[in-house]
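Coordinate inspection notes
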Amino acid sequence: MVHQQSSPARVSPNSDTEDMFEMAKVLAPRLAHFAGVARTEHVTRAAQEMRVPQSTLSRAMVRLEQDLGVDLFARRGRTLSLTPAGRTFLGSVERALAEIGRAADEVRADADPATGKVAFGFLHTMGAETVPGLLHAFRADHPRVRFSLVQNYGEAMLERLRAGELDLCLTSPVPSAPDLVARRLDEQKLRLVVPADHRLAGRRRIRLAEAAEETFVTLEPGYGLRRITDDLCREAGFSPRIAFEGEEAETLRGLVAAGLGVALLPPPAVPRPGVAELTVTAPRAAREIGVAWLDGHPDTPPVAAFKKFLLSKRGNLLPG
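To start, this report covers the structure provided alongside it.

Thresholds applied
Residues numbered from 1 in each chain as written. Predicted model: local features only at pLDDT ≥ 70, side-chain atom pairs only at ≥ 80, totals over all residues. Heavy atoms only, no water. Helix = DSSP H or I, 4+ residues; strand = E, 2+ residues; numbered from the N terminus. Rg over C-alpha atoms; globule rule 2.2 N^0.38 Å. Buried < 20%, exposed > 50% of the residue type's maximum accessible area, 1.4 Å probe, protein only. Contact = heavy atoms within 4.5 Å. Areas by Shrake-Rupley, 256 points an atom, 1.4 Å probe, with all protein chains shown as cover. Lys, Arg positive; Asp, Glu negative; His and termini not counted. Charge placed at Lys NZ, Arg CZ, Asp CG, Glu CD. Pairing = 2+ DSSP bridges. Axes fitted to C-alpha atoms, helices over the stretch in contact; angles between N-to-C directions. Phe/Tyr/Trp six-rings, centres within 6.5 Å; stacked < 30°, edge-to-face > 60°. Polar contact = N/O pair within 3.5 Å; in protein donor to acceptor, adjacent residues only side chain to side chain. Core = buried A, V, L, I, M, F, W, Y, C linked by side-chain atoms within 4.5 Å.

Thoughts on the overall build of the chain
The helix and strand inventory of the chain stands at 9 helices and 13 strands. For a compact globule of 320 residues, the expected C-alpha radius of gyration is about 20 Å, and the chain comes in at 31 Å, more than 25% above that figure. Counting only C-alpha atoms and orienting by the principal axes, one finds that the chain spans roughly 100 × 45 × 35 Å. A total of 320 residues make up the chain; the buried ones form 42% of that total. Taking the contacts inside the chain whose residues are at least 6 apart along the sequence as the reference set, 74% of them involve residues at least 24 apart. Only carbon and sulfur atoms are counted for the fraction: they give 51% of the accessible area of the chain, which is about 17,100 Å². Treating the 42 positive side-chain charges of the chain as one cloud and the 40 negative ones as another, the clouds have centres 6 Å apart.

Some details on the sheet that holds strand β3 (residues 117–122)
With mixed pairing, the 5 strands of this open sheet are ordered in space as β4-β3-β5-β13-β6. Both outer strands of the open sheet, β4 (146–151) and β6 (180–189), are each paired with one neighbouring strand and no more. On average, each strand axis in the sheet is tilted by 20° relative to the strand beside it, whichever way the strands run. Pairing of β3 with strand β5 (residues 168–171), which is carried by 3 bridges, proceeds in the parallel orientation.

Topic: the packing of aromatic side chains
What the rule picks out here adds up to 11 aromatic pairs. Considering the side-chain rings of F120 and F306, the 4.9 Å spacing of their centres and the 80° angle between planes classify their relative orientation as edge-to-face. In this pair, F120 is assigned in strand β3 and F306 in helix α9 (residues 301–312), connecting sequence segments 186 residues apart. When the centroid spacing of 6.1 Å and the interplanar angle of 40° are considered together, the rings of F216 and F238 count as tilted. In this pair, F216 is assigned in strand β9 (residues 215–219) and F238 in the loop between α7 (224–235) and β10 (241–246), connecting sequence segments 22 residues apart. Both residues of the pair, F216 and F238, count as buried. An aromatic cluster is present here, built from F120, F122, F138, F147, F306 and F309 joined pairwise through their rings.

Some words on the pairing of strand β13 (residues 286–294)
In terms of residue burial, β13 counts as a mostly covered element, since 8 of its 9 residues are buried. Pairing between β5 and β13: 3 bridges, direction antiparallel. Paired with C169 across the bridge in β13 is A292. Here β6 runs beside β13; their pairing, made up of 9 bridges, is antiparallel. Residue pairing across strands places D186 opposite I289, the latter belonging to β13.

Describing helix α8 (residues 249–257)
Here α8 has its buried residues at A249, L252, R253, G254 and V256. Check the buried side of α8 and you find it contacts β7 (191–195), β9, β10, β11 (263–265) and β12 (275–282). A distance of 2.9 Å separates the backbone nitrogen of E250 from a side-chain oxygen at the start of α8, and that oxygen is part of E248. G259 sits one or two positions beyond α8 and adopts a positive phi of about 80°.

Points about the nonpolar core
One finds F120, F147, L168, L170, F306 and L310 to be the most contacted residues of the largest nonpolar core, which totals 34 residues. The set of elements that each furnish at least two residues to this core consists of β3, α5 (130–138), β4, α6 (154–162), β5, β6, β13 and α9. Here the element with the most residues in this core is β13; it accounts for 5 residues. Apart from residues no more than four positions distant in its own chain, L310 is found in contact with F120, L134, L168, L185 and V291. Judged by nonpolar contacts, the second largest core, of 32 residues, contains L190, L208, C233 and V275.

Brief notes about the side chain of T171
Within the secondary structure layout, T171 lies in strand β5. Accessibility expressed as a relative area gives 1% for T171, which makes it buried. Those residues in contact with T171 that lie beyond four places of it in its chain are L123, G154, M157, E288, I289 and G290.

Side note on unusual backbone geometry
Of note, the amide linkage connecting S172 to P173 takes the cis form, showing an omega dihedral of -5°. As for its position among the elements, P173 is in the loop between β5 and β6. Going from A282 to P283, the amide bond is cis rather than trans, its omega being -10°. With respect to the secondary-structure elements, P283 resides in the loop between β12 and β13. We note that R51 has phi near 55°; this positive angle belongs to a residue other than glycine. Within the element layout of this structure, R51 appears in the loop between α2 (43–50) and α3 (54–68).

Geometric values such as these leave the question of function open.
This is the structure:
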């Protein structure tokens, strides 16, 4: 295939990403005009269909060929026909414009007040009961709003908020950062969970200092509950001896049931056999649950509605 050369190109092809973006910035405003002219192969008809002055369209096609350094059309009066290079270029342009159209449809759909999407993150411990209950209640008034749900630990969710991958997240501790907005919604008491045959299993209440000699199972460093556990033990006057570190609270409960240690955990959604759960009287063992979002980030209507719903649950977020 031989491409006819026009005047020297203003943009030279280059594999460098920065140069490719520069080329796209130069060419993009004229691509839809090119597709319209290529479809009709007639400048006057294309100008009428696109409601663009014919002179503007003609200049745009000349400028596009100059930018590319390739003749896209063979001209016979006011009638045009695509050159081989033009046909090759048209295929890519049509695919690019179709992809842009699909992207536009997708973001419009996600922002639709009735059927839009909310990207919502939450802690693993919120997944069994709290979040399903919240979504059920919210969808009573917003039955067609869609959700993209992400379960993770607090720091990972905050990273995804900052990356624009989440709209809102339920997390603990409630973050304090200049680029985030966070609101406290509720408080969840923590219990000392011990094996059912443990020496403390017959107790209902305990001071955490009484567990100073026990072996603990905990979440891994970086998890909010791990930080709270370390802080509470420090306040009780000891540093916990840790035998196992995990990523999920119910797994830790299973390790406790197997006699591998004790743990500070929130209440389970369903009672777990093989363990006893003791109220900690000192220090005060609880974690705050809050909702966070990126400061200055504009909300779509469905995100704004769900945010308002979550804030209305202040003090009544967790199941009774």
